[in-house]
Amino acid sequence: MSDQPDQKNAPPVPVPGDDIHHLEAQRRTNRQKVCELGLDPYGGRTDGLLSLRDAAERYDADADAEHQSGSKEDGYVDRRLAVKVAGRVVLHRDNGKLVWMNLRDQSRDSLQVAVSKRDATEAGFGLSKAADIGDILVVEGPVMKTRAGETTVWASDVQSASKCLVPPPEKHSGLADAETRARQRYLDMWVNPETTRVLALRSKLISHTRRFMEGRAFLEVETPVLQAQAGGAAARPFITHMNALDMQLYMRIATELHLKRLVVGGMGRVFEIGRIFRNEGVDKRHNPEFTSMEAYQAFGDYETMAELTETLIRELATLSAGFWRDAGEDRAEGSLTLPFADLSIDYARPFDRVTYNELFERALGFASSDTDRVWAEAQKRGLIGKYARHLKDEDREIGSAGASDLRGKIDDALIVNELFEEVAEASLDPARPTFVFDYPSALSPLTRPKRDEPQIAERWDLFIAGMEIGPAYTELNDPDIQEAKFREQLSGLDDEESTFRNLDEDFLRALKVGMPPAGGLGLGIDRLVMLMCDRPSIRDVIAFPFMRPE
RNA sequence: GGGGGCGUAGCUCAAUCGGUAGAGCACCGGCCUUUUAAGCCGUUGGUUGUGGGUUCGAGUCCCCCCGCCCCUACCA
């Protein structure tokens, strides 16, 4: 819809119609006033702009003092530095022949500008009188300080760069409604500068991660999002359709199997930062599409990936502490302790390390190998029945029987893991980043077992603030073992799962070509950003999180 | 999937036992050349998320639906 007549220089006219809110109609009238001043409300290319932050730093106290001393004789030259800035109007105070405004841009929440009838152009002054909160203005003039000591651009000219037709949120309490903030992120960003900062830091964290990986000789690659079968993780995929071939396709649920193919092909170190899609529940820690980094390093193992991960996260924490300090919020307490919710998380100290079985025994008071006590404890906590709900249909009847009947039907390791997730994970200190090493092989069928302890898989999970940040593995590279474990896993699927989970024959063919031993890593980037920004909801660190249609 | 809460002016929020829908900010008009959420004076602004029901009377009580939040479950 355009309300702009074809004739050049013709001012835009208010769109007629009764459905326009009176506040918007008023702003359309104010836009008309801008046109009548001979100005284009929507501006154009503007060279020589300084950020508000840079402009404020151009303040010259001596020149300002000289100017304000009043002794302006014939040869007086204003030595104050003139700047040109642009920003969105966040406050507007009309004092009659002097208009005060505060502008906001990405570099600075607010910089004051003053437009006086005496010193500004006639059009610029008129524009300032007609300006609405939310308009984007270009202001040119010297940097000075007011009597109250506030750095101010004293305008010689003002231009309009864009007109805001939408009534703004309340200027003090702002925009609080979480739904509106997520749906109209552009509005949230204007009103709540913190939102823009979070998205800016997210960008810097991803960029730094990329440089970090490249510094370690990893190549960034891109693998398919649209796949005939979605493999590499146990998650429900989104289904889509390809018209040209009239076939069903899936959105990827992991990048793993393709990255490993590249390792087979000879790329020894690869990583991909990209979007993963999982057709599962949505809550404050899960968005249907999220960003992961997966990395594979030939001739490494899970220890290699632990060192890499810990170093990377420490660097990201350093970057974040510096970012918040620059933004005027010195969040880091001590050397590298960042807040998250009510926690203080110390990234400077070496991360804690504990093995799965150690943590189990510490939290439960008995060894995971003590199957009698494992079953008794699980039954006491009601975890058997909970587990039985996952059973295949033919086993479900057994599930309604007592726990004693189930023993022997369910792998002990699965019951151990129910206790582990319920009790042991919860016992971790959320303020201490912790690697949990050495999961039972029965839980990680696609991971390489320890040479001397085949019941233990070379896998760790990193937990910070109670969140799983990512797993890493020593990858299985024996194609026959891999195939056997794939088949074993597939045989345990229920009807629904088996509709979208198939044996990836091509991946097995790739392994037969020969993959070097390798360490593999998966990191949840969104959750890392949550930690670095102290945002407890994943929706706050994704610019456009999933929302039901309005 | 289950339980709980919320939805009122552009925004932030009130509205007693079911009894005339209000305030602040924003907006509009007037005054004002060093203001700081500027100030002073005067206005304007509502399909109380949608649809139905009970009642003399519903923002308030009941039911359906929509959306959001929290807890829980599921899921890596």
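Residues numbered from 1 in each chain as written. Chains lettered and ligands numbered in written order. Predicted model: local features only at pLDDT ≥ 70, side-chain atom pairs only at ≥ 80, totals over all residues. Heavy atoms only, no water.

**Quick look at the overall build of chain A**
Alright, step 1. Across its full length, chain A holds 19 helices and 19 strands.
Alright, step 2. The C-alpha atoms of chain A give 31 Å as radius of gyration, which overshoots the globular expectation for 550 residues (24 Å, by more than 25%).
Alright, step 3. If one aligns the C-alpha atoms of chain A with their principal axes, the spans along those axes are about 100 × 55 × 50 Å.
Alright, step 4. Of all 550 residues assigned to chain A, the portion counted as buried reaches 48%.
Alright, step 5. For chain A, the proportion of contacts with a sequence separation of at least 24, taken over those separated by at least 6, is 66%.
Alright, step 6. Here chain A displays about 27,400 Å² of accessible surface, and carbon together with sulfur accounts for 48% of that area. (Helix = DSSP H or I, 4+ residues; strand = E, 2+ residues; numbered from the N terminus. Rg over C-alpha atoms; globule rule 2.2 N^0.38 Å. Buried < 20%, exposed > 50% of the residue type's maximum accessible area, 1.4 Å probe, protein only. Contact = heavy atoms within 4.5 Å. Areas by Shrake-Rupley, 256 points an atom, 1.4 Å probe, with all protein chains shown as cover.)

**Observations regarding the sheet that holds strand 17 (residues 456–464)**
Alright, step 1. Ordered by their spatial adjacency, 8 strands build an open sheet running 7-11-12-19-18-17-16-15, and the pairing between neighbours is mixed. Two strands bound the open sheet, and with one partner strand each, they are strand 7 (219–220) and strand 15 (352–355).
Alright, step 2. Sheet topology note: the strand 16 (residues 434–440)/strand 17 ladder contains 6 bridges and is antiparallel. The residue of strand 17 that forms the bridge with Val436 is Asp461.
Alright, step 3. Along the sheet, helix 10 (residues 356–364) makes contact with strand 15, strand 16 and strand 17, crossing strand 15 at roughly 85°. (Pairing = 2+ DSSP bridges. Axes fitted to C-alpha atoms, helices over the stretch in contact; angles between N-to-C directions.)

**What to know about the pattern of salt bridges**
Alright, step 1. Scanning the model with the defined rule gives 38 salt bridges in all.
Alright, step 2. Arg45 is the partner of Asp47 in a salt bridge, and the nearest nitrogen-oxygen pair spans 3.1 Å.
Alright, step 3. Since its relative accessible area comes to 46%, Asp47 is described here as partly exposed.
Alright, step 4. Residues Lys260 and Glu475 are paired through a salt bridge, measuring 2.8 Å at the closest nitrogen-oxygen approach. Pair noted here: Lys260 is in helix 8 (residues 256–265) and Glu475 is in the loop between strand 18 (467–474) and helix 16 (479–491), with a separation of 215 residues, a long-range link.
Alright, step 5. Classification of Glu475 as buried rests on a relative accessible area of 1%.
Alright, step 6. One salt-bridge network, held together by shared partners, links Asp109, Glu194, Arg197, Glu329, Arg331, Arg535 and Asp540. (Salt bridge = Lys/Arg side-chain N within 4 Å of Asp/Glu carboxyl O.)

**Comments concerning the nonpolar core**
Alright, step 1. Counting 53 residues, the largest nonpolar core has Met293, Tyr347, Trp460, Ile464, Leu531 and Met532 as the members making the most contacts within it.
Alright, step 2. When residues of this core are assigned to their parent elements, the largest contribution, 11 residues, is made by helix 9 (residues 302–326).
Alright, step 3. Not counting residues up to four positions away in its chain, the partners in contact with Trp460 are Tyr302, Met305, Ala306, Thr309, Phe435, Val436, Phe437, Tyr439, Gly470, Pro471, Ala472 and Leu521. (Core = buried A, V, L, I, M, F, W, Y, C linked by side-chain atoms within 4.5 Å.)

**Comments concerning the confidence of the model for chain A**
Alright, step 1. This prediction gives chain A a mean pLDDT of 89; 90% of its residues lie at or above 70.
Alright, step 2. Within chain A, helix 13 (residues 393–400) has the poorest average pLDDT of any element, 45, and strand 7 the best, 98.
Alright, step 3. For the stretch residues 1–17, pLDDT sits under 50, and the model shows 23 contacts to residues farther than four places along the chain or on other chains.
Alright, step 4. Residue range residues 392–401 is modelled with pLDDT below 50. Its contacts to residues more than four positions away, or to other chains, number 14 contacts.
Alright, step 5. Predicted as a complex, the structure gets a pTM of 0.92 and an ipTM equal to 0.91. (pLDDT = per-residue confidence, 0-100.)

**Thoughts on unusual backbone geometry**
Alright, step 1. Notably, Phe299 is not glycine yet its phi reads approximately 65°, a positive angle.
Alright, step 2. Tracing the chain through its elements places Phe299 in the loop between strand 12 (289–298) and helix 9.
Alright, step 3. Positive phi values are uncommon outside glycine, yet Asp534 reaches one of about 55°.
Alright, step 4. Along the chain, Asp534 turns up in the segment after helix 19 (525–533).
Alright, step 5. Asp534 gets classed as partly exposed once you look at its relative accessible area, which sits at 24%.

**Brief notes about the sheet that holds strand 10 (residues 247–251)**
Alright, step 1. The sheet built from 3 strands is open, its strands ordered 8-10-9 with antiparallel pairing. The open sheet has two edge strands, strand 8 (226–227) and strand 9 (239–242), and neither has a second partner.
Alright, step 2. For strand 8 and strand 10, the ladder comprises 2 bridges, and the chain directions are antiparallel. Directly across from Gln227, in strand 10, lies its bridge partner Tyr250.

**Some details on the pairing of strand 13 (residues 337–340)**
Alright, step 1. Where burial is concerned, the two faces of strand 13 agree: the one with Thr337 and Pro339 and the one with Leu338 and Phe340 are both buried.
Alright, step 2. The pairing of strand 13 with strand 14 (residues 343–346) spans 4 bridges and is classified as antiparallel. Its bridge partner lying in strand 14, Pro339 is registered against Ser344.
Alright, step 3. What sits between strand 13 and strand 14 in their antiparallel hairpin is a turn of 2 residues, with Ala341 showing a positive phi close to 50°.

**Description of the packing of helix 7 (residues 193–215) against helix 19**
Alright, step 1. Orientation of helix 7 relative to helix 19, taken along the N-to-C sense of each, is 125°, at an axis distance of 10 Å. Judged on the interaxial angle alone, helix 19 and helix 7 are oblique. In terms of crossing hand, the pair formed by helix 7 and helix 19 is right-handed. Residue-level inspection shows Val198, Leu201, Arg202, Leu205 and Ile206 of helix 7 in contact with helix 19, the latter providing Ile525, Asp526, Val529, Met532 and Cys533.
Alright, step 2. Broken down by class, the residue content of the contact of helix 7 with helix 19 amounts to 8 nonpolar, no polar and 2 charged. (Parallel < 35°, antiparallel > 145°, perpendicular 65-115°, else oblique. Left-handed = near helix turned anticlockwise from the far one by under 90°. Nonpolar A, V, L, I, M, F, W, Y, C, P; charged D, E, K, R; others polar.)

**A short note on helix 16**
Each turn of an α-helix holds 3.6 residues, which means side chains three or four residues apart point in the same direction.
Alright, step 1. Counted at 1.5 Å a residue, the expected span for helix 16 with its 13 residues is 18 Å, and the 18 Å between its end C-alpha atoms agrees.
Alright, step 2. Three or more residues of helix 16 are buried, namely Pro479, Gln482, Lys485 and Phe486. Axial view of helix 16: buried residues confined to an arc of 130°, hence all on one face. Summarising the geometry of helix 16, the exposed residues directed more than 90 degrees from the buried face are Asp480 and Glu488.
Alright, step 3. Where helix 16 begins, the side chain of Asp478 points an oxygen toward the backbone nitrogen of Asp480, at a separation of 2.8 Å. (Expected span 1.5 Å × (residues − 1). Arc of directions from axis to C-beta. Polar contact = N/O pair within 3.5 Å; in protein donor to acceptor, adjacent residues only side chain to side chain.)

**Observations regarding the side chain of Thr223**
Alright, step 1. As for its position among the elements, Thr223 is in the loop between strand 7 and strand 8.
Alright, step 2. Here Glu272 takes part through its side chain, which lies 2.6 Å from a polar atom of the side chain of Thr223.
Alright, step 3. Every residue in contact with Thr223, bar those within four places of it in the chain, is listed here: Arg252, Thr255, His258, Leu259, Leu262 and Glu272.

**Here's the deal with the environment of Ala457**
Alright, step 1. Secondary-structure assignment places Ala457 in strand 17.
Alright, step 2. The sequence separation of Ala457 and Leu446 amounts to 11 residues, and the corresponding C-alpha distance is 8.9 Å.
Alright, step 3. Leave out the neighbours within four places in its chain, and Ala457 touches Asp438, Tyr439, Pro440, Ser441, Ser444, Thr447, Arg448 and Pro449.

**Description of helix 7**
Alright, step 1. In this model helix 7 runs 33 Å from its N-terminal to its C-terminal C-alpha over 23 residues, within 8% of the 33 Å that 1.5 Å per residue would give.
Alright, step 2. Count one or two residues on from helix 7 and you reach Ala217, which has phi positive near 70°.

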